[in-house]
Amino acid sequence: MERTLLANPGTTAPCPARERKWSNSQPADLSHMGRSREDHLEPGASTMPVAALPRTGSDPVLLKTPALLGTVADTLRASDGQLHAKAPTKPPRTPSLVLPDASGRPPTYCELVPRVASAQETPPGQRWPEPEALWWETEEEEEEEENRDFRRPQAEVSFCPPDTLSCLLSPQNRPLEPEVLRKLRGLFLEHHSDSTALHLLLMDCQATGLLGVTRFQRANMGVASGLELLTLPHGHRLRLELLERHETLALAGALAVLGCSGPLEERAAALRGLVELALALRPGAAGDLPGMAAVMGALLMPQVRGKQGWEEAGAQVTGKRGEEACSGLLPQVSRLEHTWRQLRRSHTEAALAFEQELKPLMRALDEGAGPCDPGEVALPHVAPAARLLEGEELGGPLDESCERLLRTLHRARRVARDAPRFRQVAAQRLRGFRPNSELREALTTGFLRRLLWGSRGLGAPLPQRLEKFQRVLSVLSQRLEPDH
C-alpha cells in the first residue's frame, strides 16, 4: 500500500484500522515511528531527534527549554497522519514535583502542576491559618469603605474574644496547674523578647479595639475605635476590661518570678527577661505602652521589689501619706532583695536600664506625661484615664492632684483624636507578622483569668479575686526569701 501511495500521490486509499500504529511508551515503537517519519519528511521540513519527544505518563516532566514546544508542534503537524500523539493525562492531585518560580518564562504543560509549600516551611502548630492571621492588615481597607457618619450607639461593646476550646488548659482547670506553668515557661523561653512584644502588641490592640473591629461592633458603639469609645459614657464595659487585663498581666508577670523555686540565678534570669520585655515594648520599639505598664507593674509589685522600691513607691505615690501607709509594711520591705542584687551582679545592663530608663518613663506615663506621638507609640497608655473615668482617685501629692487630673484628661482627648493614626502605626508594626498560636492564646485575658483563678473561680468579683491572689504571691515571696 505504501508503494502505491508513493507512486500515485494524488490518490488516497483507506487505511485499515489494524495497520494503524499508535504511539506508546515502548522504546522499540518510538524508534520505529521515528524512522518511518524521517522517510516521509520532505526536504526542508523540521526534524527532531526521538529523544526530544515529550514523554506521556501520570507524572509530567519539565522540558529543558520552552522553545522545544514549538518544534514538537511542527513535527506533529508534519507527520502526515502517521504519528498520533497520545492525549496527555490529567496531572496528579498530589504532585510529586514542586516547581520553582516560573516568572519570566512562557507557561508549559508541567506548570499546570499546583505549587505547594514545603512542609518544612510551615511546621504544624507554629503559625495560624493565613486568612485569619491577616485581619490586622486588612482592617484599614475595611475602615475606608465604612460610612464615617455618626451613628447613635446601640449597646456596650466587648472586644475580648469569646471563650473557645483551649489548647493549653482543660475545660475544668484548677488554678496554677504545674504542668501548664512549665509549658508556659518553655514557651516564653523559646521566643525572643522582640517576638513576645509583638504578640503582646497584637493582643493588646485587639483588647483595646484598635485593630480587628468588625462593622457590627463599630455600628453598635457609634465610633470607629476603642480608643474613642473608652472616653465616652457607654465605654464603661471596655474600661473595666482594660483595667482587669492590666491587673491580670501584672499578676502573671509577678508569678513568673515568684514561681521560680530553683536557685537564685534562675529568679534573676526571670527578672532580666521581664526587663528585656519592657524594653522591647517601650516607645520607639514595639510601642505597646499598656503592655509595658503591665510588665512594670509586675516588677514594681510589693512581693517582687526590694527595700529601695518600697521607699521610692511610698514617696512618689502620696508623699507623707505614702510613708505612713508603708510604715505598716516595713517588716516586709526586703522582699527579693537578694534576687535584685544578683540581677545587678550578673545582668548589669538590664538592672541599669530598669533603674535609669524604665522607672522614670513609667512614672511620667502614670502622671499623664511622657511620649504619646503616633509613630513612636503604636498603642498609648490608657489605664490612668480609664481609672479616672471609673471614679478612682489619682495618686500623687495633693498639691499636684489638680494639675495631674488636667493632664490625664487632656491626654485622653488627644488619644481619641489621634485614634486613626495609632491604628495605622499598629498595623504597620504588625504587617507580615505571623503569631504563634499557643503564645497568642497565653496572652489573652480569658486565658490568664483561668490560669490564675481556675475555671470555677471566675465567678467571684474582681476585687475579691485580686485580693486572694495577692495573698498567694505574698506566700510565694516568703518561701523564696523568708524574713530574718
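The rules behind these values
- Residues numbered from 1 in each chain as written.
- Predicted model: local features only at pLDDT ≥ 70, side-chain atom pairs only at ≥ 80, totals over all residues.
- Heavy atoms only, no water.
- Helix = DSSP H or I, 4+ residues; strand = E, 2+ residues; numbered from the N terminus.
- Buried < 20%, exposed > 50% of the residue type's maximum accessible area, 1.4 Å probe, protein only.
- Contact = heavy atoms within 4.5 Å.
- Areas by Shrake-Rupley, 256 points an atom, 1.4 Å probe, with all protein chains shown as cover.
- Salt bridge = Lys/Arg side-chain N within 4 Å of Asp/Glu carboxyl O.
- Axes fitted to C-alpha atoms, helices over the stretch in contact; angles between N-to-C directions.
- Parallel < 35°, antiparallel > 145°, perpendicular 65-115°, else oblique.
- Left-handed = near helix turned anticlockwise from the far one by under 90°.
- Phe/Tyr/Trp six-rings, centres within 6.5 Å; stacked < 30°, edge-to-face > 60°.
- Lys NZ or Arg CZ within 6 Å of the ring centre and 35° of its normal.

Per an unreviewed UniProt entry, the chain goes by SH2 domain containing 3A and derives from Propithecus coquereli.

The next point concerns the overall build of the chain. Each helix and strand counted, the chain has 22 helices and zero strands in total. Split into buried and exposed, the 484 residues of the chain put 40% on the buried side. Intrachain contacts of the chain at a sequence separation of at least 6 include 77% that bridge at least 24 residues. Split by element, the accessible area of the chain, about 27,500 Å² in all, is 54% carbon and sulfur.

Moving on to the pattern of salt bridges. For the structure shown, the criterion picks out 17 salt bridges. The shortest N-O distance in the salt bridge between Arg407 and Glu403 comes to 3.2 Å. A residue pair is termed a helical-turn pair when its members lie 3 or 4 positions apart in one helix, as Arg407 and Glu403 do in helix H18 (residues 401-417) at four residues. Looking at Arg407, the relative accessible area reads 27%, which means it is partly exposed. For Asp418, the salt bridge identified is with Arg417, shortest N-O distance 3.2 Å.

It is worth spelling out unusual backbone geometry at this point. Unlike most non-glycine residues, Leu176 shows phi in positive territory, near 55°. In the Ramachandran plot, Leu336 falls in the positive-phi region, its phi being about 50° despite a non-glycine side chain. Positionally, Leu336 belongs in the loop between helix H14 (320-327) and helix H15 (337-346). Note on Leu336: relative accessible area 0%, which makes it buried.

As a further point, take helix H12 (residues 289-299). When you tally the buried positions in H12, you get 10 out of 11 residues, the bulk of the element. For H12, the secondary structure elements touched by its buried residues are helix H7 (193-208), helix H10 (236-258), helix H11 (264-281), H15 and helix H16 (348-366).

Attention now moves to the packing of H10 against helix H22 (residues 462-480). Two numbers describe how H10 lies on H22: the axes approach to 10 Å, and their chain directions differ by 15°. With respect to H22, the element H10 is oriented roughly parallel. Relative to H22, H10 is oriented so that their crossing is left-handed. From H10, Glu244, Glu247, Leu251, Ala254, Leu255, Val257 and Leu258 reach across to H22, where they touch Leu462, Arg465, Leu466, Phe469, Gln470, Leu473, Leu476, Ser477 and Leu480.

Tallied over the entire structure, the rule returns two aromatic pairs. Ring geometry for Trp453 versus Phe469: centroids 6.0 Å apart, planes at 70°, classification edge-to-face. Residue Trp453 is located in helix H21 (residues 445-453), and its partner Phe469 is located in helix H22; the two are separated by 16 residues in the primary sequence. Both residues of the pair, Trp453 and Phe469, belong to the buried class. When the ring centre of Trp340 is taken as origin, the NZ or CZ atom of Arg305, which lies over that ring, is 4.4 Å away. Above the ring of Trp453, the side-chain terminus of Arg465 is found at 4.9 Å from the ring centroid.

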